[in-house]
Amino acid sequence: MDNCIFCKIIDNFIPSERLYEDGRFIIVRDIDPKARLHYLAIPKKHYAYLSNMDASDTQELGHIFAAIARESENLGLQNGYRLIVNQGADAGQTVFHLHIHILGGEALEWRKNNE
Ligand code: 5GP
Ligand code: ZN
């Protein structure tokens, strides 16, 4: 897609620290980390939103989840990690190409509302 930051990262028009790649997705380090380790798993196919995937597309997510689990030690995540998809305004989505945040490398806060 034109003007999509993550399509440009996938096509190497924008540099990134790429830690994993296969035919379907890449894992890069987030440019503005929200945890000691913060990566982004980005499918090579452009979906603006999670909600744009149809039933067959969701196989893509199964593949990505399994690969993240397999690669977790190589990524320094042997003590655990958190996966997040921000969908839409309430979640604060800023890049409209589906991506899964992978957070870890430290004990993560889990904020509850009203605290
Ligand atoms: P969102 O808020 O859409 O879920 O997350 C977008 C993420 O992409 C943010 O964590 C932001 O730091 C990251 N990001 C934005 N631009 C770039 C970039 O050019 N390179 C990398 N590696 N990450 C980026
Ligand atoms: Zn894109």
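Okay, so let's go over this structure. Remember, it's a predicted structure, so these values are computed and weren't measured experimentally.

### Some points on the overall build of the protein
Along its length, the protein carries two helices and five strands. What you see for the protein is a C-alpha radius of gyration of 14 Å, in line with the 13 Å of a compact globule of 115 residues. C-alpha extents for the protein along the principal axes are approximately 40 × 35 × 30 Å. Classification of the 115 residues of the protein by burial places 38% in the buried group. Contacts in the protein between residues at least 24 apart in sequence constitute 53% of all its contacts with a sequence separation of at least 6.

### Quick look at the environment of R36
The residue R36 is located in the loop between β2 (25–29) and β3 (37–43) in this model. On the basis of relative accessibility, which here comes to 57%, the residue R36 falls in the exposed class. Separated by 63 residues in sequence, R36 and H99 place their C-alpha atoms 19 Å apart. Looking at R36, its side chain comes within polar contact range of the main-chain oxygen of G105, at 2.8 Å.

About the cut-offs
- Residues numbered from 1 in each chain as written.
- Chains lettered and ligands numbered in written order.
- Predicted model: local features only at pLDDT ≥ 70, side-chain atom pairs only at ≥ 80, totals over all residues.
- Heavy atoms only, no water.
- Helix = DSSP H or I, 4+ residues; strand = E, 2+ residues; numbered from the N terminus.
- Rg over C-alpha atoms; globule rule 2.2 N^0.38 Å.
- Buried < 20%, exposed > 50% of the residue type's maximum accessible area, 1.4 Å probe, protein only.
- Contact = heavy atoms within 4.5 Å.
- Polar contact = N/O pair within 3.5 Å; in protein donor to acceptor, adjacent residues only side chain to side chain.

None of the figures reported here should be taken as evidence of function without further support.
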